[in-house]
Amino acid sequence: MLYHPDKHRDPDLKRQAEQLFNLVHEAYEVLSDPQSRAIYDIYGKRGLDVEGWEVVERKRTPTEIREEYERLQSEREERRLQQRTNPKGTISVGIDATDLFDHYEEEYEDMEGGGVPHVEINKMHISQSIEAPLTTRDTAILSGSLSTHNGTGGGTINLALRRVTSAKVGPLVFYLAIQRLVIRPYVQAQKEQDLEKQRESSASNIAKKKQEAESAVLLMQESVRRIIEAEESKMGLIILNAWYGKFVTDNSKRHERAKVIDVTVPLQCLVKDSKLILTEASKSGLPGFYEPCVGEEKSLKVLYQFRGVMHQVLSGDTEPLRIPKQYVNEILTSFF
């Protein structure tokens, strides 16, 4: 109803409302269809786009699509487990190929089977080891080997515990120095390059999302005014200020610039019955929000008033949020 074109008389607002209303309608069409929703839940919007990214499972039922997704998840978990256990193995084989290199008398070729050199495997060695991290310092290592030579064989199984000792140990000091002076600066520079590439590739999309968010805020003004009037009449929830993005709180990073946007109006628009409830998802997808700093850690800071008392809360980007937190307790207290 907020974005319905008929709710707005101003030509500019009406045009902006039509654009946002079409997006809402598109989302409704996808989420109301079980198969389209199943594809979207697993693959995202690109799974619904035929051009450029064909989905083989498009004709499957939602149950089959989810089963396929769970199978892929299981494979990813297995790969992660292999990376953690760091399995290693070697196999070596000894081959006796003397006949290929020795020179025999000419009569040898006249002997039965003399034209085919005799090659045989006379020894073999197999070894395998896995690591199991117990703590950040301790690692259990299980290894085993099996050997055979000319029909005689044997094997061993070993269990060892590896512990990282204190920084006073020479090799560890050298490692920490390399880590601090070489590896960390390189990783940081690489991370900044990747962030810059990510910003460049998503610049046009971010600009579009920003325009949509600004349009949404303009369309919310009248609804927010009515919500505030209703909340003030019952001393309910008033969003005084709200910011979303990257906040610089570490003194060592004071040189960095905070990257935040004002989301006071969008949050107040989401207040219903003196409550604001946000689910566990990135807040950049909320109406009136957009991505202020691609690839960087973001938070939501809210300064609000409830029952005439001011409060402040800081929430991570994907953390669920419910304010005021004491709302349920107050209702229960007044009930009893």
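Everything that follows concerns the structure shown earlier in this document.
These numbers come from a predicted model, not from an experiment. (Residues numbered from 1 in each chain as written. Predicted model: local features only at pLDDT ≥ 70, side-chain atom pairs only at ≥ 80, totals over all residues. Heavy atoms only, no water.)

**Student:** Explain helix H1 (residues 11–31) to me, and be specific about the residues and the numbers.
**Tutor:** When the terminal C-alpha atoms of H1 are compared, their 30 Å separation across 21 residues agrees well with the 30 Å that a helix rising 1.5 Å per residue should span. Turning to H1, its buried residues number three or more, namely Gln-16, Ala-17, Leu-20 and Val-30. The buried residues of H1 all sit within an arc of 150 degrees when viewed along its axis, so they share a single face. Every exposed residue of H1 that faces more than 90 degrees away from the buried side is listed here: Pro-11, Asn-22 and Tyr-28. (Helix = DSSP H or I, 4+ residues; strand = E, 2+ residues; numbered from the N terminus. Expected span 1.5 Å × (residues − 1). Buried < 20%, exposed > 50% of the residue type's maximum accessible area, 1.4 Å probe, protein only. Arc of directions from axis to C-beta.)

**Student:** Quick rundown of helix H2 (residues 34–43)? Include the residues and the values.
**Tutor:** Those residues of H2 that sit buried are Ala-38, Ile-39, Ile-42 and Tyr-43. What you see down the axis of H2 is that its buried residues fit within an arc of 100 degrees, all on one side. Immediately downstream of H2, the backbone of Gly-44 shows phi near 80 degrees, a positive value.

**Student:** Let's hear about the pattern of salt bridges: which residues, and what values?
**Tutor:** For the structure on display, the rule yields 8 salt bridges. With a shortest N-O distance of 3.9 Å, Lys-14 and Asp-6 are connected by a salt bridge. Residue Lys-14 is classed as partly exposed on the basis of its relative accessible area, which comes to 27%. For Asp-6, a relative accessible area of 61% gives the class exposed. The salt bridge partner of Glu-229 is Arg-225, with a shortest N-O separation of 2.8 Å. Here Arg-225 and Glu-229 lie together in helix H4 (residues 170–233), a separation of 4 residues that amounts to about one turn. When its relative accessible area of 45% is taken as the criterion, Glu-229 is described as partly exposed. Arg-225 gets classed as partly exposed once you look at its relative accessible area, which sits at 39%. (Salt bridge = Lys/Arg side-chain N within 4 Å of Asp/Glu carboxyl O.)

**Student:** Kindly report on the layout of surface pockets, identifying the contributing residues and their values.
**Tutor:** Volume-wise, the largest pocket comes out at about 1,400 Å³. Taken together, 35 residues form the lining of the largest pocket, with Leu-23, Ala-27, Lys-209, Gly-285 and Leu-286 sitting closest to its centre. Sorting the residues of the lining of the largest pocket by element identifies H1, H4 and helix H5 (264–269) as the ones contributing at least two each. Element by element, the count of residues in the lining of the largest pocket is highest for H4, at 10 residues. Residue composition of the lining of the largest pocket, grouped by class: 24 nonpolar, 5 polar and 6 charged. (1 Å grid on protein atoms, 1.4 Å probe; cavity = no way out; pocket = protein on both sides within 12 Å on 5 of 7 lines; lining within 4 Å. Points joined across faces, edges and corners; volume = space filled by probe spheres on them. Nonpolar A, V, L, I, M, F, W, Y, C, P; charged D, E, K, R; others polar.)

**Student:** Would you mind going over the pairing of strand E5 (residues 237–246) in detail, with residue names and values included?
**Tutor:** If a strand is regular, its side chains alternate between the two faces of the sheet. Summarising burial for E5: 7 of the 10 residues are buried, a large majority. As paired strands, E5 and strand E6 (residues 259–262) are joined by 4 bridges and run antiparallel to one another. Residue pairing for E6: Lys-246 is matched across the bridge by Lys-259. (Pairing = 2+ DSSP bridges.)

**Student:** Quick one: what's the story with unusual backbone geometry, residue by residue and with numbers?
**Tutor:** Here the residue pair Ile-323 and Pro-324 is connected by a cis peptide bond, since its omega of -5 degrees sits within 30 degrees of zero. The residue Pro-324 is located in the loop between strand E10 (321–323) and helix H6 (327–335) in this model. Not every positive phi belongs to a glycine, and Met-235 is a case in point at roughly 50 degrees. A relative accessible area of 48% means that Met-235 is categorised as partly exposed. Even without being glycine, Ser-274 reaches a positive phi, approximately 60 degrees. Considering the arrangement of structural elements, one finds Ser-274 in the loop between H5 and strand E7 (276–278).

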